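Residue strings, one per chain:
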Amino acid sequence: MTGIVLTKRLAKSGRCRLRNRCTTVPFHDPVLSTEAYEVGDAKVTCFVSTNYFAVYRWLLKNGTAIFKRVQSPYALVAVLDGQGSITVGGKVYPLKKGQHFIITTLADQWTIKGDMMIIASEPGPDSLKA
């Protein structure tokens, strides 16, 4: 199919769950492949990773995980469920469901502790090119 895809039709078909905010010309079903691995006690799932953006879930069940910055200058973080803490530069910050924060380039390493489900996203290498 070529041309503009009507978003109401996509929403009714179940392929677009963005309520009339999904337009792709021509429409293609997205192919998502997840990658799962562990960092300390955390189960990390990478939902999407492109040259422009990456989204991860950090799932921690009463444990501890030490994360190290690889290349992204920042990470946007949202605590979806649970509570715990993050330690950055020796300072401990309490965390609970509903909190959002940014881990900046000043943090080379951080430790999360507790029982939490966190979504973290970061820019990919191509998004930072001028």
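You'll find the structure just up there.
Along each chain, numbering runs from 1 in the same order as the chain's sequence is written. Selection of residues for local features in this predicted model requires a pLDDT of at least 70, selection of side-chain atom pairs for listing and counting requires 80 or more, and totals for whole chains, interfaces and linings are taken over all residues. Hydrogens and waters are ignored; side-chain quantities use all the structure's heavy atoms.

1. Some remarks on the overall build of the chain
Logical step 1: Comment: elements are numbered from the N terminus, with helices defined as DSSP H or I runs of at least four residues and strands as E runs of at least two. Across its full length, the chain holds one helix and seven strands.
Logical step 2: Taken from the N to the C terminus, the helices and strands of the chain come in the order α-β-β-β-β-β-β-β.
Logical step 3: Here's how the labels work: a residue is buried when its accessible area is under 20% of the maximum for its type, exposed when over 50%, partly exposed in between, all with a 1.4 Å probe on protein chains only. Here the chain, with 130 residues, has 31% of them falling under the buried criterion.
Logical step 4: Using a 1.4 Å probe, the Shrake-Rupley method yields the accessible areas, and only the shown protein chains count as cover for residues. Taken as a whole, the chain presents about 9,000 Å² of accessible surface, with 54% of it coming from carbon and sulfur.

2. Things to note about the packing of aromatic side chains
Logical step 1: The pairing test for Phe, Tyr and Trp rings, Trp by its six-membered ring, is centres within 6.5 Å, and the orientation test on the planes gives stacked under 30 degrees, edge-to-face over 60, and tilted for anything in between. If you walk through the whole model with that rule in mind, you get three aromatic pairs.
Logical step 2: Taken together, a centroid distance of 4.3 Å and an interplanar angle of 25 degrees make the contact between tryptophan 58 and phenylalanine 67 stacked.
Logical step 3: Ring geometry for phenylalanine 67 against tryptophan 110: centres 6.2 Å apart, planes inclined by 10 degrees, an arrangement best described as stacked. With a gap of 43 residues between them, phenylalanine 67 in strand β3 (residues 53-68) and tryptophan 110 in strand β7 (residues 109-123) connect regions that are remote in the sequence.

3. Description of the side chain of serine 72
Logical step 1: With respect to the element layout, serine 72 can be found in the loop between β3 and β4 (75-88).
Logical step 2: Looking at serine 72, the relative accessible area reads 4%, which means it is buried.
Logical step 3: Apart from the residues lying within four places of it in its own chain, the contact partners of serine 72 are Glu122 and Pro123. Throughout, a residue-residue contact means that at least one pair of heavy atoms, one from each residue, lies within 4.5 Å.

Interpretation in functional terms is not warranted from these geometric data alone.
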